[in-house]
Amino acid sequence: MSTRSGFVALAGRPNVGKSTLVNSMVGHKVAIVSDKPQTTRRAIRGVVTAPGRYQLVLTDLPGVQRPRDALTERMQHRVESELAEADAALFVVNGEQGVGGPGDVFIAEALAGPTVPVVIAVNKVDRLDRPRSVLALQAASELVPDAEVFPVSARTGKGVGVLVEHLAGLLPEGPFYFPPEEVSDQPEHVLLAELVREQVLHRTRQEVPHAVEVQVDEIHEQHDLVVVHAFLWVETESQKGILIGARGRMIKAIGI
Ligand code: GDP
Ligand code: MG
């Protein structure tokens, strides 16, 4: 029996639900999820494997998350070379906030040139009634000519299976890139660092900037526990104070 395998480049404005969708597609928690934009700082790759059938490797498409000025030549070049390596692009839009704003149009333009199939996921449809869903799907279908459009809820999982099956159908025949049990090509310590960082951002709100870095130093087993030692790097003494918290309450909560 032949298998399919390949790469799908993920694009979409901040906060549309890309990380949540990756988690939902993979079925494991691999990408950091936050209600603040731009927390995904690495090209996180989730791997969706249907044993014996297909393996879909999700990569982050860099550079097109938000319109700055125009799409510079350098950025367009970066996007194109990334897309040249991909078998499809998955463009995530936010159905709840209205589809087709300047940010969406900016990304659509970047995706329209290169010749990979573009699939649009209209996310957060759990927040939409029928008429608004129809409008969002309509607006999405006008974004990129020939793109297939799928309504999904990354949060509830609705529509995600259908989307994955469609993407898998776009992949060429070929052997798997990763062992089926692997959900991410990021080493364990990187995934753990992302989880710690997620807690820092979640608990400190605006007080500690996204510049915080987490470095996992050591992972070991102790009885039936896995003990993780991590360093948190911040830029100022006052940020350090916030992270530690009164009587160490904050750092304790982050650790737990
Ligand atoms: P990213 O910046 O595109 O990676 O977005 P995230 O995955 O971090 O999600 C941003 C916010 O949207 C988080 O608060 C998510 O919980 C929320 N979110 C993501 N998907 C859905 C969805 O399908 N429905 C709803 N209601 N919220 C969602
Ligand atoms: Mg994200």
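As the structure is a computational prediction, the values presented were derived from the model and not from experiment.

One finds Phe-91 and Ile-120 to be the most contacted residues of the largest nonpolar core, which totals 27 residues. At the level of elements, β1 (4–11), α2 (73–84), β4 (88–94), α3 (102–112), β5 (118–123) and α4 (130–141) are the ones that each hand at least two residues to this core. What Phe-91 contacts, discounting residues up to four positions off in sequence, is Ala-11, Gly-12, Asp-104, Ile-107, Ala-108, Leu-111, Val-118, Val-119, Ile-120, Ala-121, Leu-143 and Val-144. Counting residues in each nonpolar core, the second largest holds 26 residues, with Val-26, Tyr-54, Ala-121 and Ala-154 among its members.

Take the site of ligand 1 next. Contacts to ligand 1 come from 18 residues, most closely from Asn-15, Lys-18, Thr-20, Asp-126 and Arg-155. Take Val-16: an N or O atom from its main chain is 3.3 Å from an oxygen atom of ligand 1. For ligand 1, an oxygen atom lies 2.9 Å from a polar atom in the backbone of Ala-154. Isolated, ligand 1 exposes 580 Å² of accessible area, and the fraction of that covered by the protein chains is 90%.

Below, the discussion takes up the side chain of Asn-123. Considering the arrangement of structural elements, one finds Asn-123 in strand β5. Classification of Asn-123 by relative accessible area gives buried; the value is 2%. In terms of polar contacts, Asn-123 uses its side chain to reach the backbone carbonyl oxygen of Val-16, at 2.9 Å.

Okay, the pattern of salt bridges next. Counted according to the given criterion, the structure contains 3 salt bridges. Close ionic contact of Asp-104 with Arg-13 constitutes a salt bridge, the shortest N to O distance being 3.1 Å. Taken together, the positions of Asp-104 in helix α3 and Arg-13 in the loop between β1 and α1 (18–26) put the pair 91 residues apart, joining distant regions of the chain. With a shortest N-O distance of 2.8 Å, Arg-53 and Glu-165 are connected by a salt bridge. Residue Arg-53 is located in the loop between β2 (46–50) and β3 (54–60), and its partner Glu-165 is located in helix α5 (residues 160–169); the two are separated by 112 residues in the primary sequence. Arg-53 gets classed as partly exposed once you look at its relative accessible area, which sits at 44%. Exposure remark for Glu-165: the relative accessible area of 37% places this residue in the partly exposed category.

Helix packing for two helices is described by the angle between their axes and how far apart those axes are. The geometry of α2 relative to α3 is characterised by a closest axis approach of 9 Å and an angle of 60° between their N-to-C directions. For the element pair α2 / α3, the angle class is oblique. In terms of crossing hand, the pair formed by α2 and α3 is right-handed. Listed contacts from α3 to Met-75, Gln-76, Val-79 and Leu-83 of α2 are Phe-106, Ala-110 and Leu-111. A class-by-class count of the residues in the contact of α2 with α3 yields 6 nonpolar, 1 polar and no charged.

Reading the values: rules and limits
Residues numbered from 1 in each chain as written. Chains lettered and ligands numbered in written order. Predicted model: local features only at pLDDT ≥ 70, side-chain atom pairs only at ≥ 80, totals over all residues. Heavy atoms only, no water. Core = buried A, V, L, I, M, F, W, Y, C linked by side-chain atoms within 4.5 Å. Buried < 20%, exposed > 50% of the residue type's maximum accessible area, 1.4 Å probe, protein only. Helix = DSSP H or I, 4+ residues; strand = E, 2+ residues; numbered from the N terminus. Contact = heavy atoms within 4.5 Å. Near = heavy atom within 4 Å. Polar contact = N/O pair within 3.5 Å; in protein donor to acceptor, adjacent residues only side chain to side chain. Areas by Shrake-Rupley, 256 points an atom, 1.4 Å probe, with all protein chains shown as cover. Salt bridge = Lys/Arg side-chain N within 4 Å of Asp/Glu carboxyl O. Axes fitted to C-alpha atoms, helices over the stretch in contact; angles between N-to-C directions. Parallel < 35°, antiparallel > 145°, perpendicular 65-115°, else oblique. Left-handed = near helix turned anticlockwise from the far one by under 90°. Nonpolar A, V, L, I, M, F, W, Y, C, P; charged D, E, K, R; others polar.

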